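Chain by chain, the residues:
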Amino acid sequence: MQTTQVTTNTWRLSANIYDILFEGMWPIPHGFSMNSYIVKGEKVAIIDGVCDWDGTPEVLFDQFRQMNVDHNDIDYVIINHMEPDHSGWLKDFKKIRPDFKIVTTAKAQALLKSFFEIDNEIMVVKSGDTLDLGGGHVLAFEEIPNVHWPETMATFDTKTGTLFPCDAFGSFGAIDESPYDDQLTPEQVKFYEFEASRYYANIVGAFSAPAAKAVAKTESLPVKIIAPGHGIVWRENPRKIIDDYKRYAAYSKGPAKEEITVIWGSMYGNTKRGVDPVVEGIKSEGVKVNVHQVPETHYSYVLRDVWNSSGVVLAMPTYEYKMFAPMAVVLDEMGRKKAFNRKAFRLGSYGWSGGAQKELDEILARYKMNWDFLEPVEFKGAPTEEDLATIRRRGRELAIKVKEWVAAG
Ligand code: FEO
């Protein structure tokens, strides 16, 4: 992989990772990038880094060589965010350069010791502090706690207007030839939009209140370029990803888009018979509908669509007096990630007794999700024609409620 110049005296270094689950749980069929940046004033700083997997630090070190940067030339290692996907490389760096100087927050200082036994000289910074690299490159630091760990900060180069926010404004998706928004085709823009919203829902969503604060801080700065720790660099239109993140953060409490996500699972096909009618009812009102079967679809994708939807349909049978287990897993994840205040409807089959509603209520209460449900349609065994007609009608009613909510803003 080649280093590329972001702007004056600023370069992007990066490694792509494939064939793992991000954070041990999120599928990344198209990989993801870990970005690092070098800013050269009279002093040299490296901002953010890479993980320690499978020779990845060596990818970074090779990129130093491409730039004719000797590791001994690096004056400051700036750690915006201590999570090991950005800091794992430090253990290997310490082998070739034991005495490097770190710039980070007080909370990150403690974590560096716990995770990597790194207790190098550390310049602890807080919001408002600056570091002058010379040549006009004054780096300003702004704490953005909980985006995505409590110790996180962003770094802003006041000379070039480049913001280095680490996880904030990031996305999934590996990047090879074109790391800049001004180099992407419309299809690539669409791809990274999708992967940015999935990344947000999966990784940042639970921290939407802090994310909204971070976006507000960003808007107070004269930002020209956004250079995140994952994904593409926004230098033609940074406003786009700022506005996208603003929307994503707001979607936690709703309303989100004028969309409804139907999540369904079925044991013997009886609940499945209700899916088409509910989708027809939704579509009759012209509302976009996303349909996911569980457990076939990983909850990463379901969560992404629920995050973007103002309405949700849960179609699942009762299973052993409780919810169909894969649906319980998905719903629990929605609660953990704080997908609150959705308009919703449930349908499903039961055999000798119900029970799904009780567990559904427990999960909704546990996470204070405040989902507003229409009257459910439950049927013993197979649905009757009357049940299917009611389901179709409920789909339409839900779509109307979603449209009204979104219109009211
Ligand atoms: Fe990319 Fe929160 O680490």
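All values derive from a computational prediction rather than experimental measurement.

**Examining the packing of helix α6 (residues 208-219) against helix α7 (residues 238-251)**
Interhelical geometry of α6 versus α7 gives an angle of 150 degrees and a closest axis separation of 9 Å. Our classification of the angle between α6 and α7 gives roughly antiparallel. In this structure, the crossing between α6 and α7 has a hand that is left-handed. Each of Ser 208, Ala 212, Val 215, Thr 218 and Glu 219 in α6 lies in contact with α7, whose residues at this interface are Arg 239, Ile 242, Tyr 245, Lys 246, Tyr 248 and Ala 249. Partitioning the contact of α6 with α7 into residue classes produces six nonpolar, two polar and three charged.

**What to know about the sheet that holds strand β8 (residues 102-104)**
Strands sit in the order β1-β2-β5-β6-β7-β8-β9 across an open sheet of seven strands; the sheet is mixed. Two strands bound the open sheet, and with one partner strand each, they are β1 (4-7) and β9 (122-124). Between one strand axis and the next, the sheet turns through 25 degrees on average, direction left out of account. Of the strand pairs in this sheet, strand β2 (residues 10-17) and strand β5 (residues 32-40) are connected by eight bridges, and their pairing is antiparallel. For Thr 10, the partnering residue across the bridge sits in β5 and is Val 39.

**Describing the pairing of strand β20 (residues 343-350)**
With seven of its eight residues buried, β20 lies for the most part within the structure. Pairing analysis gives five bridges linking strand β17 (residues 309-315) to β20, with the strands arranged parallel. Pairing of Leu 314 across the sheet is with Arg 346, part of β20. When β20 meets strand β21 (residues 372-373), the two strands line up parallel, connected through two bridges. Looking at β21, one finds that Ala 344 is bridged to Phe 373. Where β20 lies against strand β22 (residues 377-380), four bridges are found, and the strand directions are parallel.

**Let's talk about a nonpolar patch on the surface**
Together, Met 267, Tyr 268 and Tyr 319 line one region of the surface with nonpolar side chains, adding up to about 360 Å² of accessible area. By the element assignment, Tyr 268 lies in the loop between β15 (257-264) and α8 (275-283). In this structure Tyr 268 comes out as exposed when scored by relative accessible area, which is 73%.

**Points about the domain arrangement of the protein**
Under the domain assignment, the protein is made up of domain 1 (4-251) and domain 2 (260-403). On a C-alpha basis, the centroid separation for the pair domain 1 and domain 2 is 38 Å. Each side of the interface is counted separately: domain 1 has 15 residues, and domain 2 has 13 residues. Buried surface at the junction of domain 1 and domain 2, summed over both partners, amounts to about 1400 Å²; 57% is from carbon and sulfur atoms. The largest share of the area that domain 1 buries against domain 2 comes from Ala 201, Ala 206 and Tyr 251, three residues that together contribute 37% of it.

**Here we look at the sheet that holds strand β11 (residues 138-143)**
Spatially, five strands are ordered β10-β11-β12-β13-β14 in an open sheet, and the strand pairing comes out mixed. Looking at the sheet topology across the chains shown, the edges are occupied by β10 (130-132) and β14 (225-226). Sheet topology note: the strand β13 (residues 162-164)/β14 ladder contains two bridges and is parallel. Looking at β14, one finds that Thr 162 is bridged to Ile 225.

**Regarding the packing of helix α5 (residues 186-204) against helix α9 (residues 299-308)**
Two elements in contact, α5 and α9, have axes separated by 8 Å at closest approach and are oriented at 95 degrees. Comparing the axis directions of α5 and α9 gives the class roughly perpendicular. For the pair α5 and α9, the contacting residues are Phe 194, Ser 197, Arg 198, Tyr 200, Ala 201 and Asn 202 in the first and Ser 300, Tyr 301, Leu 303, Arg 304, Trp 307 and Asn 308 in the second.

**Here we look at the environment of Glu 320**
Within the secondary structure, Glu 320 sits in the loop between β18 (318-319) and β19 (322-323). For Glu 320, a relative accessible area of 55% gives the class exposed.

**Topic: the nonpolar core**
Formed by 91 residues in total, the largest nonpolar core has its most connected members in Phe 64, Trp 89, Ile 263 and Met 334. Ranked by residues supplied to this core, first place goes to α5 with seven residues. In this structure, this core is formed jointly by two domains, domain 1 (4-251) and domain 2 (260-403), each of which donates at least three residues. If we ignore the near neighbours within four places in the chain, the residues touching Trp 89 are Ile 46, Asp 48, Gly 49, Val 50, Cys 51, Asp 52, Pro 57, Leu 60, Phe 61, Phe 64 and Val 77. If you look at the next biggest cluster of nonpolar residues, it comprises 21 residues, including Val 278, Val 279, Val 287 and Leu 374.

**Things to note about the packing of aromatic side chains**
Evaluation of the coordinates by the stated rule reveals 23 aromatic pairs. Ring centres of Trp 89 and Phe 93 lie 5.0 Å apart, and the angle between their planes is 45 degrees; on these two criteria the pair is classed as tilted. The buried category is assigned to Trp 89, whose relative accessible area is 0%. On the numbers, 5.3 Å between centres and 85 degrees between planes, the contact of Phe 172 with Tyr 199 is edge-to-face. Of this pair, Phe 172 sits in the loop between β13 and α5 while Tyr 199 sits in helix α5, and the two are 27 residues apart along the sequence. In this pair, the class of Phe 172 matches that of Tyr 199, namely buried. The rings of Phe 61, Phe 64, Trp 89, Phe 93 and Phe 100 are connected pair by pair, giving a single aromatic cluster. Over the aromatic face of Trp 11 sits the side chain of Lys 40, whose NZ or CZ is 5.0 Å from the ring centroid.

Calculation rules
- For every chain, the first residue of the written sequence is number 1, and numbering continues from 1 along that sequence.
- Selection of residues for local features in this predicted model requires a pLDDT of at least 70, selection of side-chain atom pairs for listing and counting requires 80 or more, and totals for whole chains, interfaces and linings are taken over all residues.
- Each side-chain value is derived from all of the structure's non-hydrogen atoms; neither hydrogens nor water enter the calculation.
- Angles shown run from 0 to 180 degrees and are taken between the N-to-C directions of axes, each axis being a line fitted to C-alpha atoms and, for helices, limited to the stretch in contact.
- Here a strand is any run of E in DSSP of at least two residues, a helix any run of H or I of at least four, and the numbering for each starts at the N terminus.
- Roughly parallel covers angles under 35 degrees, roughly antiparallel covers those over 145, roughly perpendicular covers 65 to 115, and oblique covers all other angles.
- Helix crossings get a hand from a simple test, with the near helix turned counterclockwise from the far one by less than a right angle marking a left-handed crossing and a clockwise turn marking a right-handed one.
- The contact definition used throughout considers only heavy atoms, calling two residues in contact when any of these lie within 4.5 Å.
- Under this grouping Gly is polar, as are all residues other than the nonpolar Ala, Val, Leu, Ile, Met, Phe, Trp, Tyr, Cys and Pro and the charged Asp, Glu, Lys and Arg.
- Pairing between strands is defined by DSSP: at least two bridges between the two strands are required.
- Three labels apply to residues, based on accessible area from a 1.4 Å probe with only protein chains included: buried if under 20% of the type maximum, exposed if over 50%, partly exposed otherwise in between.
- In this scheme, patches are assembled from residues that exceed 30% relative accessible area and form no salt bridge. Like charges are connected within 9 Å, while nonpolar side chains (Val, Leu, Ile, Met, Phe, Trp, Tyr) are connected within 5 Å.
- Per-residue accessibility takes into account occlusion by the displayed protein chains alone, with areas from the Shrake-Rupley method and a 1.4 Å probe.
- Any Lys or Arg side-chain nitrogen located within 4 Å of an Asp or Glu carboxyl oxygen qualifies as a salt bridge.
- Domain delimitation in this document rests on an assignment produced automatically or drawn from a domain database.
- A 1.4 Å probe defines the accessible area here, and the buried area is the portion of it lost by two parts on being joined, summed over both.
- Definition of nonpolar core: a set of buried residues of the types Ala, Val, Leu, Ile, Met, Phe, Trp, Tyr and Cys, connected through side-chain atoms within 4.5 Å.
- Working definition: rings of Phe, Tyr and Trp (its six-membered ring) pair if their centres are within 6.5 Å, and the pair is stacked with planes under 30 degrees apart, edge-to-face with planes over 60 apart, and tilted otherwise.
- For a Lys NZ or an Arg CZ to count as sitting over a ring, it must be within 6 Å of the ring centre and within 35 degrees of the ring normal.

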